[in-house]
Amino acid sequence: MTQTISINDSDHLQLTPLEIPSRLLLGPGPSNAHPTVLQAMNTSPLGHLDPAFLALMDEIQSLLRYVWQTENPLTIAVSGTGTAAMEATITNAVEPGDVVLIGVAGYFGNRLVDMAGRYGADVRTITKPWGQIFNLDELQTALKTHRPAILALVHAETSTGARQPLEGVADLCAEFGTLLLVDTVTSLGGVPLFLDTWGVDLAYSCSQKGLSCPPGASPFTMSARAVEKLQQRQRKVANWYLDMSLLSKYWGPERTYHHTAPINLYYALREALRLLAEEGLANSWQRHQKNVEYLWEELENLGLSMHVQEQYRLPTLTTVRIPAGVDGKAIARQLLNEHNIEIGGGLGELANQVWRVGLMGFNSRKESVDQLVAALRQLLPK
Ligand SMILES: *Cc1c(COP(=O)(O)O)cnc(C)c1O
């Protein structure tokens, strides 16, 4: 008999039943899940081909079409976090050699560049300082120069707190037969979004930001034009797990086994979307806007200022300038350790310059703002 290796002997672990500290998550995500959503998750899994589960998948599809304001038949949840849904848009839309034009004004624009390159795209970029947006003239000039197969933009750049306006972009794309791909990870549920009216062809999001749900099941949609491009591919999609020509047969009438869905996360997503529909999409957008305006006002009362010009600020994520002489990381650490509040720090161009404060989904409430501001009032030098 071989001796088993003991956990305690090898790692000096003292294992006690799991205990998770209670935190208010006001960073760039995840945000706290709605209690009703957590309850929904905490039930026994069904089989992934059980009719009751298939019916729940249909509900997820309808609800996702509602929250995105689209009629795209191919609207599903990808098993994985927002990054998996992001990769799904790229891998299904991009064929090696395709010119892909990407607007980069933050961390997630750069991630799109990296991903598209890995799938063989001929990547072109337009850039802006972090916190700014692209206007229609700039996009038109870039489209004329590059004539891309795909234009990719980040609607809500979580690294900067800027909202990229999308109205009118698809009209510019139409001239070159360009598909419009949009990251809506930090906008879905909290920021007005009209995929069909705006002519968006591919979009993705996540569950743990504006949807009040834990991470792991991520919204994905593609338009009829994008599906046509998929069907006309010369080569198979390079990523088996995320190949929509296979996945759509599980989500569609064929119900062909593809992979085991993360069943309990789908329960959670279904319930989170139901709660959003119950509140009403427009009401949710208004709630996010109202609470973020209150946040800005309260932060200004503390003597702080915001990084992004007001008209382009996101209601879901605010970048707050760290005042000169203040140790931003130390304040964030104290907020967590002494007040159980998580906020984020700056990335890339904004490293050490801003804090990132999220008011997303369930956490977009007046009490969240009051708790954060009270804690900051104690921690910041007078
Ligand atoms: C969070 C985020 C992602 C990645 O989503 P994950 O769920 O963390 O994988 C992509 N894009 C943007 C804009 C994000 O904020």
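Residues numbered from 1 in each chain as written. Predicted model: local features only at pLDDT ≥ 70, side-chain atom pairs only at ≥ 80, totals over all residues. Heavy atoms only, no water.

K.L.:
Is there a simple way to think about the site of the ligand in this case?
P.N.:
The immediate surroundings of the ligand are formed by 13 residues, with Thr 81, Thr 83, Thr 158, Asp 183 and Lys 209 found nearest. The contact in question runs from an oxygen atom of the ligand to an N or O atom on the side chain of Thr 81, over 2.6 Å. A distance of 2.7 Å is found between an oxygen atom of the ligand and a side-chain nitrogen or oxygen belonging to Gln 208. Breaking the shell around the ligand down by element, the ones donating at least two residues are α4 (82-93) and α5 (107-118). Class assignment for the residues of the shell around the ligand results in four nonpolar, six polar and three charged. (Near = heavy atom within 4 Å. Polar contact = N/O pair within 3.5 Å; in protein donor to acceptor, adjacent residues only side chain to side chain. Helix = DSSP H or I, 4+ residues; strand = E, 2+ residues; numbered from the N terminus. Nonpolar A, V, L, I, M, F, W, Y, C, P; charged D, E, K, R; others polar.)

K.L.:
Please explain the sheet that holds strand β10 (residues 217-222) as it appears in this structure.
P.N.:
The pairing of strands in a sheet comes from backbone hydrogen bonds and takes either a parallel or an antiparallel form. Here we have seven strands laid out as an open sheet, ordered β2-β10-β9-β8-β5-β3-β4, and mixed in their pairing. The two strands at the open ends of the sheet, each matched to only one other strand, are β2 (75-79) and β4 (122-127). Direction aside, the axes of adjacent strands within the sheet are offset by 20 degrees on average. Sheet analysis places strand β8 (residues 179-183) next to strand β9 (residues 202-204), joined by three bridges and oriented parallel. The partner of Val 182 across the bridge, within β9, is Ala 203. Strand contacts of helix α9 (residues 224-231): β8, β9 and β10, with the helix running at about 85 degrees to β10, the strand carrying the most contacts. (Pairing = 2+ DSSP bridges. Axes fitted to C-alpha atoms, helices over the stretch in contact; angles between N-to-C directions. Contact = heavy atoms within 4.5 Å.)

K.L.:
Even after reading the chapter, I still don't get the domain arrangement of the chain, so can you show me in this structure?
P.N.:
Looking at the assigned domains, one finds that the chain contains domain 1 (24-30 + 280-379) and domain 2 (35-277). Taking only C-alpha atoms, the centre of domain 1 and the centre of domain 2 are 26 Å apart. Counting residues at the interface gives 26 residues for domain 1 and 31 residues for domain 2. Of the roughly 2,400 Å² buried between domain 1 and domain 2, counting both surfaces, carbon and sulfur atoms make up 66%. (Domains from an automatic or database assignment. Buried area = accessible area lost by both parts, 1.4 Å probe.)

K.L.:
Please explain the sheet that holds strand β14 (residues 354-358) as it appears in this structure.
P.N.:
Read from one edge of the open sheet, three strands run β11-β14-β13, paired in antiparallel fashion. The open sheet has two edge strands with one neighbour each: β11 (317-321) and β13 (344-345). Note: β13 against β14, two bridges, orientation antiparallel. Counterpart to Gly 344 in the pairing with β14 is Arg 356.

K.L.:
Teacher, can you tell me more about α9 here?
P.N.:
For the α-helix, the turn length of 3.6 residues means that residues three or four positions removed from each other point alike. Burial in α9 covers these residues: Ala 226, Val 227, Lys 229 and Leu 230. Buried residues of α9, viewed axially, fall in a sector of 155 degrees; they line one side. Among the exposed residues of α9, those pointing more than 90 degrees away from its buried face are Ala 224 and Gln 231. As for α9, its buried residues are in contact with α4, β8, β9, β10 and α10 (244-251). (Buried < 20%, exposed > 50% of the residue type's maximum accessible area, 1.4 Å probe, protein only. Arc of directions from axis to C-beta.)

K.L.:
Whenever I open this one, the pairing of β11 confuses me. Can you help?
P.N.:
The two faces of the sheet receive side chains in turn, since in a regular strand these alternate between them. Across the five residues that make up β11, a large majority, four, are buried. Bridge count between β11 and β14: five bridges; the pairing is antiparallel. Pairing of Arg 321 across the sheet is with Val 354, part of β14.

K.L.:
Help me understand the packing of helix α12 (residues 281-301) against helix α14 (residues 366-379), please; the structure alone is not making it clear to me.
P.N.:
Packed helices, taken two at a time, are described by their axes: the angle between them and the distance between them. Here α12 crosses α14 at 15 degrees, and the two axes come no closer than 9 Å. Judged by the angle between their axes, α12 and α14 are roughly parallel. Considering how the two elements wind past one another, α12 and α14 form a crossing that is right-handed. Where α12 abuts α14, its residues Asn 291, Tyr 294, Leu 295, Glu 298 and Leu 299 lie against Lys 366, Val 369, Asp 370, Leu 372, Val 373 and Leu 376. Looking at the contact of α12 with α14, its residues break down into seven nonpolar, one polar and three charged. (Parallel < 35°, antiparallel > 145°, perpendicular 65-115°, else oblique. Left-handed = near helix turned anticlockwise from the far one by under 90°.)

K.L.:
Teacher, can you tell me more about helix α13 (residues 328-339) here?
P.N.:
A rise of 1.5 Å per residue sets the reference length of α13, with its 12 residues, at 16 Å; its end C-alpha atoms lie 16 Å apart and thus fit the reference within 8%. Those residues of α13 lying buried are Gly 328, Ala 330, Ile 331, Ala 332 and Leu 335. You can read the cap of α13 off the contacts: a side-chain oxygen lies 3.2 Å from the backbone nitrogen of Lys 329, and it is on Asp 327. Just past α13, the residue Asn 340 takes up positive phi, approximately 60 degrees. (Expected span 1.5 Å × (residues − 1).)

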